[in-house]
There are 2 protein chains.
Amino acid sequence: MSDFAEPLARLITEFKRLPGIGQKSAQRIAFHVMRASRDDAEHLSQAILDVKDKLTMCAVCNNISDAELCQYCRDPRRDQKIVCVVVDPNNIVGIETTRQFNGLYHVLGGALSPLRGIGPEQLKIKSLVDRIAKGHVEEVIVATNPTTEGEATAVYLSKLLKPLGMRVTRIAMGIPVGSDLEFADEVTIWKALEGRREI
Amino acid sequence: MSDFAEPLARLITEFKRLPGIGQKSAQRIAFHVMRASRDDAEHLSQAILDVKDKLTMCAVCNNISDAELCQYCRDPRRDQKIVCVVVDPNNIVGIETTRQFNGLYHVLGGALSPLRGIGPEQLKIKSLVDRIAKGHVEEVIVATNPTTEGEATAVYLSKLLKPLGMRVTRIAMGIPVGSDLEFADEVTIWKALEGRREI
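Residues numbered from 1 in each chain as written. Chains lettered and ligands numbered in written order. Predicted model: local features only at pLDDT ≥ 70, side-chain atom pairs only at ≥ 80, totals over all residues. Heavy atoms only, no water.

Draft legend 1. Region of the structure containing the domain arrangement of chain A. Segmenting chain A into domains produces domain 1 (6–54) and domain 2 (78–173). Between the C-alpha centres of domain 1 of chain A and domain 2 of chain A the distance comes to 36 Å. (Domains from an automatic or database assignment.)

Quick look at the structure:
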């Protein structure tokens, strides 16, 4: 017999399925929801369904969008000449928080991984090439992760896009700001040395 | 402009209102929900509404319940002679996880706190007395927190119930199991000394 009444036990189970939520957090959140107003519970409940029902993929860049074009692709103030290629829509969030990038994006939906059977056809690479073929783009920044898969994807894109007259660049690898060399692995230190810039 | 499409931004905001969920966790969970199946989102969404709609208070002990009587009050195998008084339904969960207690419960819904205007009338004390007046109960364990308010409540209940011929007991205060005297405050150490038992 569970220690909770059925609806509560079920909500706890549902919350535990979410990333980073363990038994204790799930209990605390479920009790919170139970004590919240019916209105608050409804808002949360509806918001959950809405992200499934009202979101789609941007027809141009594959970002998450609530319209045919995402907020970046439909914004005329964004620089149309520079496209930042990312693996996942939430990478865009990270880049936007810097407020330093004003170009457009292209979401691949993954990185090349022969071992996991992910080749160029599984990624949104053809639509990237088609997009570039239309002419405006001058630079493609490859912002995939500095992992084997991310690197392989970057090299692949570079070979594919450079012949089209593009400038293809890669985000810098190095020591994270505020961190310490002591905590950095040897490959990162090597990349940091290799990527050194004059001061 | 938010970095998220509206339905996603709204879900993140909703998750951030839950206890222990910050911006980063809310984003991670919202992306997870967005990627989950429509079915999974529906189950979560429905579970949230169900804890509001399908749960009620046990007519006897005020525990959360999906029926008129909670799972403990309707279980004939529970010892009807001993009632553990707690402040909050989730205290019951903590006690049940020990699997050492087989009596019944009574949820007060708070602790006495003159400063916050919580007197005996604001708590489910009358229903506890009525319940005891019916005759079966022999011992009342007061499991309120070892705080000023919890202690005041315990003393109040003791004065109220002892004249009815009850044995009124209080949970032990002392050093938490697995902890260290070094981390215990002086009052806890004093309580641990005071509550010492022969070995």
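Draft legend 2. Structural context of the pairing of strand 5 (residues 139–142) of chain B. Residues and elements named next belong to chain B. Side chains Glu-139 and Ile-141 of strand 5 all project onto a buried face; the interleaved residues Val-140 and Val-142 project onto the opposite face, where all are buried too. With four bridges joining them, strand 5 and strand 6 (residues 167–170) adopt parallel strand pairing. Bridge pairing links Val-140 to Val-168 in strand 6. (Buried < 20%, exposed > 50% of the residue type's maximum accessible area, 1.4 Å probe, protein only. Helix = DSSP H or I, 4+ residues; strand = E, 2+ residues; numbered from the N terminus. Pairing = 2+ DSSP bridges.)

Draft legend 3. Up close: the nonpolar core. Residues A:Leu8, A:Phe15, A:Val33, B:Leu8, B:Phe15 and B:Val33 are the most contacted members of the largest nonpolar core, which totals 46 residues. When residues of this core are traced back to their parent elements, those giving at least two are helix 1 (6–16), helix 2 (23–35) and helix 3 (38–53) of chain A together with helix 1 (6–16), helix 2 (23–35) and helix 3 (38–53) of chain B. Discounting chain neighbours no more than four positions away, the residues touching A:Phe15 are A:Ile21, A:Ala26, A:Ile29, A:Ala30, A:Val33, B:Leu44 and B:Ile48. (Core = buried A, V, L, I, M, F, W, Y, C linked by side-chain atoms within 4.5 Å. Contact = heavy atoms within 4.5 Å.)

Draft legend 4. Representation of the environment of A:Asp185 in the model. Residue and element names in this part refer to chain A. Relative to the assigned elements, Asp-185 resides in the loop between strand 6 (167–170) and helix 7 (186–194). Asp-185 sits 10 residues away from Ile-175 along the chain, and the two C-alpha atoms are 9.3 Å apart. A polar side-chain atom of Asp-185 sits 3.2 Å from the main-chain amide nitrogen of Val-187. (Polar contact = N/O pair within 3.5 Å; in protein donor to acceptor, adjacent residues only side chain to side chain.)

Draft legend 5. Fine view of the packing of aromatic side chains. All names here are of chain A. Tallied over the full model, the rule gives six aromatic pairs over all chains. Taken together, a centroid distance of 5.4 Å and an interplanar angle of 65° make the contact between Tyr-72 and Tyr-105 edge-to-face. Separated by 33 residues along the polypeptide, Tyr-72 in the loop between strand 2 (64–65) and strand 3 (82–86) and Tyr-105 in strand 4 (residues 104–107) bring together distant segments of the chain. Like Tyr-72, the residue Tyr-105 is buried in the burial classification. Taken together, the ring pairs connect Tyr-72, Phe-101 and Tyr-105 into an aromatic cluster. (Phe/Tyr/Trp six-rings, centres within 6.5 Å; stacked < 30°, edge-to-face > 60°.)

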